[in-house]
Amino acid sequence: MAKILVTGGAGYIGSHTTVELISKGYTVLIADNLSNSSADVVDSIEKITGVRPLFEQIDLSDKTQATQLFDRHPDIVAVINFAAYKAVGESVSEPLKYYNNNLSIVFNVLSNMERLGIKNFVQSSSCTVYGEPDTLPISEQSPLKPAVSPYGNTKKIVEEILADCAKQDKVHAIALRYFNPIGAHPSGLIGELPRGVPNNLMPFITQTAIGIRQQLSVFGNDYDTPDGTCIRDFIHVVDLAKSHVVAVERLLNGKGKAAFEVFNIGTGNGFSVMEVIKSFEKMSGVKLNYRIAGRREGDIVKIWADTTLSNKELGWKAQQTLDDMTRDAWNWELKLKERK
Ligand code: UD1
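Residues numbered from 1 in each chain as written. Predicted model: local features only at pLDDT ≥ 70, side-chain atom pairs only at ≥ 80, totals over all residues. Heavy atoms only, no water.

Comments concerning the nonpolar core
For step 1, the next point in the chain: Of all hydrophobic cores here, the largest spans 35 residues; its most connected members are Ile 4, Leu 21, Leu 176 and Ile 265.
For step 2, the next point in the chain: Top element by residues in this core is helix α8 (residues 237–252). It accounts for seven residues.
For step 3, the next point in the chain: When residues of this core are assigned to domains, at least three fall in each of domain 1 (3–182 + 234–265) and domain 2 (201–232 + 268–339).
For step 4, the next point in the chain: Beyond its immediate stretch of four places on either side in the chain, Leu 21 contacts Ile 4, Val 6, Tyr 26, Val 28, Ile 80, Val 245 and Val 248.
For step 5, the next point in the chain: Leu 29, Leu 69, Ile 105 and Leu 110 belong to the second-largest nonpolar core, a separate cluster that totals 25 residues. (Core = buried A, V, L, I, M, F, W, Y, C linked by side-chain atoms within 4.5 Å. Buried < 20%, exposed > 50% of the residue type's maximum accessible area, 1.4 Å probe, protein only. Helix = DSSP H or I, 4+ residues; strand = E, 2+ residues; numbered from the N terminus. Domains from an automatic or database assignment. Contact = heavy atoms within 4.5 Å.)

Written out as structure tokens, the structure is:
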């Protein structure tokens, strides 16, 4: 079956996408420098699917390594790009590290694709490109706002690079703008493994519940929302992973309506931080230790996706509920503890 290069395939979303691709019969080549992941993930993917993905530990921001990778695998037919630094706060303090890494990877991959005549490229993008929405739900037509962080800016810039390359028919690309992926594979074998103190809500919740963190801070309960806490479109990572399979198949089958397309990938429903906590407590049976803290700087008040376009054009729809997400996130945290 066709060989797909998954950059950052040992990471959170990359590993779940690899599982879905393998289960559809694709040959997956993971390229990952393991800067924020571990080689064990490859074993876990094999355990889940019964198939071991090809794996190369290389740094795609290095031009030579990228070129050699493509030379070793001239039969790659599509690339799904997850390889990027993603800590928003760190990107503010270390902007060059983020611009350098996240953009070099894209330059190196696209240059090699052009050299070898490989056209199909799926990019991991983010709803962060919308900033604070003027209207909800937010559709792909909504204007993009200046990025609040260098991390967010790299997502925007990569979309612009893809649009320019697509105009010259150098690439056929799809950018998937994710909302807030949470949860884990139901096997509990792969999931989100943040290094150090988690920045994001769900891993902070599960780590608090299991005793790694003492207390969750809820960043603000005085927002203009029904319960005062921020609202996000949380999406199960397995649903998100499946959207990559349909996106890459759209490219492989030449079904795209334009050489560069963007799609929102969310559920279309907004849930508040407090609703996530309540769902977690219900599904885990654990009473969470949390307190209301001050607002976190730069937080968007509320955002959820208009998924009309992805539902219609990709024929994809998120299936899993918030309870599924919190249940699977907890299962992953429990299994992680068992393995230690
Ligand atoms: C963040 C990133 C976004 C990225 C996404 C990945 C920013 C501005 N955006 O989104 O670019 O794609 O992560 O999942 O950082 N919260 C708490 N306590 C916590 C942690 C979070 O109350 O300990 C609240 C936040 O204030 C927010 C909500 O939970 O209201 C979600 O936060 P988070 O999981 O960090 O995601 P985003 O900020 O939406």
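With respect to the site of the ligand
For step 1, the next point in the chain: The full set close to the ligand counts 18 residues, and Leu 201, Ser 217, Arg 232, Arg 296 and Asp 299 are the nearest of them.
For step 2, the next point in the chain: Here an oxygen atom of the ligand sits 2.9 Å away from a polar atom, N or O, in the main chain of Phe 219.
For step 3, the next point in the chain: Take Arg 232: an N or O atom from its side chain is 2.5 Å from an oxygen atom of the ligand.
For step 4, the next point in the chain: When contributions to the shell around the ligand are tallied by element, the ones reaching two or more residues are α7 (201–210) and β8 (216–219).
For step 5, the next point in the chain: The leading source of residues in the shell around the ligand is β8, at four residues.
For step 6, the next point in the chain: When grouped by side-chain class, the residues that make up the shell around the ligand number nine nonpolar, six polar and three charged.
For step 7, the next point in the chain: Residues from two domains meet in the shell around the ligand; each of domain 1 (3–182 + 234–265) and domain 2 (201–232 + 268–339) gives at least three. (Near = heavy atom within 4 Å. Polar contact = N/O pair within 3.5 Å; in protein donor to acceptor, adjacent residues only side chain to side chain. Nonpolar A, V, L, I, M, F, W, Y, C, P; charged D, E, K, R; others polar.)

Comments concerning the domain arrangement of the protein
For step 1, the next point in the chain: Annotation of the protein at the domain level lists domain 1 (3–182 + 234–265) and domain 2 (201–232 + 268–339).
For step 2, the next point in the chain: Counting residues at the interface gives 29 residues for domain 1 and 27 residues for domain 2.
For step 3, the next point in the chain: With both chains or domains summed, domain 1 and domain 2 bury close to 2,500 Å², and 68% of this area falls on carbon and sulfur atoms.
For step 4, the next point in the chain: On inspection of domain 1 and its partner domain 2, the count reaches two salt bridges.
For step 5, the next point in the chain: For Arg 250, the salt bridge is made with Glu 313, and the minimal N-O distance between the two is 2.9 Å. (Buried area = accessible area lost by both parts, 1.4 Å probe. Salt bridge = Lys/Arg side-chain N within 4 Å of Asp/Glu carboxyl O.)

A word on the packing of aromatic side chains
For step 1, the next point in the chain: Summed over all chains, the structure comprises three aromatic pairs.
For step 2, the next point in the chain: With 5.5 Å between their ring centres and 55° between their planes, Tyr 85 and Tyr 98 make a pair best called tilted. Placement of the pair is Tyr 85 in the loop between β4 (76–81) and α4 (88–93) and Tyr 98 in helix α5 (residues 95–116), with a sequence separation of 13 residues.
For step 3, the next point in the chain: What makes Tyr 85 partly exposed here is its relative accessible area of 23%.
For step 4, the next point in the chain: An angle of 90° between the planes, with centres 5.4 Å apart, marks the rings of Phe 280 and Trp 330 as edge-to-face. You can see Phe 280 sitting in helix α9 (residues 273–284) and its partner Trp 330 sitting in helix α11 (residues 322–339), a full 50 residues away along the chain. Per residue, the accessibility class of Phe 280 equals that of Trp 330, and both read buried.
For step 5, the next point in the chain: For Lys 97, the ring lying beneath its charged end belongs to Tyr 85, and the centroid distance is 5.0 Å.
For step 6, the next point in the chain: A cation over an aromatic ring shows up here: Arg 295 above the ring of Tyr 223, its NZ or CZ 4.0 Å from the ring centre. (Phe/Tyr/Trp six-rings, centres within 6.5 Å; stacked < 30°, edge-to-face > 60°. Lys NZ or Arg CZ within 6 Å of the ring centre and 35° of its normal.)

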